[in-house]
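Results of the structural survey
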Amino acid sequence: MIKLLGKPVADSILAKVLKRTQNFTQKWNRPPQLAVVIVGEDPASILYTRKKEQKAKELGMDHRTIALPATASPAFVYSVIQELNQDRDVDGILIQRPLPRSFFEGEVLFWISPEKDVDAFHPLNAGKLFLGFPIFLPCTPSGVMTLLEYYQISPRGKIACVIGRSSIVGKPMVALLTQADATVIHCNSKTPQLSKLTQQADILIVAAGKMEFINKDYVQKGATVIDVGIHRDSKGKIVGDVLFEDVATKASAITPVPGGIGVMTIALLMQNTITAAELRKKI
Ligand code: NAD
């Protein structure tokens, strides 16, 4: 069984991002800049935002965190985003989720200019992805694809099964696997006889947000298992959607949590940020 560690893959991406960032900074006399808008004080969101800021700074990018109170109105947050859209020195913008309940996701998705939309959530970017002409790829599914490529696990001609249909992970994951010539089984919380479907998968990708619910009974012998889930168990330990020790007895390759997909997501965000900066300058 191979443990599919994210760190070497993320490190190789970040080394390339660092070079591109240095070139950009030298050529345009300013570093690329990422702006993160956070509304409210969700502890996990604050932690993720800090991690993004730290990574951007390590790479020599400018980073701005715009922290707004949970009481900020959607109209006010929209005006903040509009200013960032128009700011020539801001290359990438993202809005940290979850947002307070007063925000309607169907509207918020349109706020960030598509060319600064480094999370690739704007409907134009989502549409381009589904039609096969993406500019930015959503960070977590793109992280999964990059990790598979690094470990030379090709989806081509394979049966892949994706558990979860969120717009952030499950749906774009299906689009990327389909474009990579996999045959995809897509499951959600209403899927009947889940294990019968998952057992057919050569590559099983789990993004259900349910702690350690995939055991070896869901897995075909020799399958590759990618665990996107992140949870903190009752002892404070970080675990995934997959019961690692159990599934490891049957899978041929599996991502650990932590140390698997989580570290990939932030690396892909940094890659999208330098790509956004270069595209805006047309280099
Ligand atoms: P979500 O809650 O938006 O979506 C979960 C999906 O799983 C839903 O579509 C639901 O239908 C499906 N589902 C739930 N229970 C199921 C079941 N029993 N059988 C089949 N399908 C089921 O979650 P999300 O935002 O896609 O995130 C999923 C997990 O991935 C969470 O644990 C989240 O914390 C984690 N996550 C990790 C990263 C990362 O960087 N590693 C990034 C995003 C999300």
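Residues numbered from 1 in each chain as written. Predicted model: local features only at pLDDT ≥ 70, side-chain atom pairs only at ≥ 80, totals over all residues. Heavy atoms only, no water.

Here we look at the site of the ligand
Near the ligand, the surroundings consist of 21 residues, among which R165, S166, N188, S189 and T265 are the closest. For the ligand, an oxygen atom lies 2.5 Å from a polar atom in the side chain of S166. Protein contacts shield 73% of the accessible area of the ligand, which totals 850 Å² for the unbound molecule. The element best represented in the shell around the ligand is helix α10 (residues 261–281), accounting for three residues. Looking at side-chain class alone, the shell around the ligand contains nine nonpolar, 10 polar and two charged residues. (Near = heavy atom within 4 Å. Polar contact = N/O pair within 3.5 Å; in protein donor to acceptor, adjacent residues only side chain to side chain. Areas by Shrake-Rupley, 256 points an atom, 1.4 Å probe, with all protein chains shown as cover. Helix = DSSP H or I, 4+ residues; strand = E, 2+ residues; numbered from the N terminus. Nonpolar A, V, L, I, M, F, W, Y, C, P; charged D, E, K, R; others polar.)

Things to note about helix α1 (residues 7–28)
With 22 residues, α1 should reach 32 Å at 1.5 Å per residue; the first-to-last C-alpha distance of 31 Å fits that figure. Buried within α1 are the following residues: V9, A10, I13, L14, V17, T21 and F24. Down the axis of α1, the buried set is contained in an arc of 110°. They therefore lie on one face. Turned more than 90 degrees from where α1 packs its buried face, K16, K19, N23 and Q26 sit exposed. The elements touched by buried residues of α1 are α2 (43–58), α6 (139–150) and α10. A positive phi of about 60° marks N29, the residue just after α1. (Expected span 1.5 Å × (residues − 1). Buried < 20%, exposed > 50% of the residue type's maximum accessible area, 1.4 Å probe, protein only. Arc of directions from axis to C-beta. Contact = heavy atoms within 4.5 Å.)

With respect to the pattern of salt bridges
Should their charged atoms come close, side chains of opposite charge can pair. For the coordinates displayed, the defined rule picks out 11 salt bridges. Note that R30 and D91 form a salt bridge whose closest N and O atoms lie 2.9 Å from each other. Within this pair, whereas R30 is found in the loop between α1 and β2 (33–39), its partner D91 is found in the loop between α3 (74–86) and β4 (92–95), the two being separated by 61 residues in sequence. For R30, a relative accessible area of 12% gives the class buried. We classify D91 as buried; its relative accessible area is 0%. (Salt bridge = Lys/Arg side-chain N within 4 Å of Asp/Glu carboxyl O.)

Considering the domain arrangement of the protein
Split into domains, the protein comes out as domain 1 (29–112) and domain 2 (139–262). Of note, the centres of domain 1 and domain 2, computed from C-alpha atoms alone, are 29 Å apart. (Domains from an automatic or database assignment.)

Observations concerning the packing of aromatic side chains
One pass over the full model with this rule turns up four aromatic pairs. Look at Y78 and W111: their rings are 5.4 Å apart centre to centre, the planes differ by 65°, and that puts the pair in the edge-to-face class. Residue Y78 is found in helix α3, and its partner W111 is found in the loop between α4 (105–108) and α5 (123–131); the two are separated by 33 residues along the sequence. Its relative accessible area of 37% is what places Y78 among the partly exposed residues. (Phe/Tyr/Trp six-rings, centres within 6.5 Å; stacked < 30°, edge-to-face > 60°.)

Things to note about the packing of α1 against α10
For the pair α1 and α10, interaxial distance at closest approach is 9 Å and the crossing angle is 25°. Classified by the angle between their axes, α1 and α10 sit roughly parallel to one another. In the crossing of α1 with α10, the sense of the turn from one axis to the other is left-handed. Facing α1, whose interface residues are K7, V9, A10, I13, L14, V17, R20, T21, F24 and W28, α10 presents V263, M264, A267, L268, M270, Q271, I274, T275, A277, E278 and K281. For the contact of α1 with α10, the per-class residue count stands at 14 nonpolar, three polar and four charged. (Axes fitted to C-alpha atoms, helices over the stretch in contact; angles between N-to-C directions. Parallel < 35°, antiparallel > 145°, perpendicular 65-115°, else oblique. Left-handed = near helix turned anticlockwise from the far one by under 90°.)

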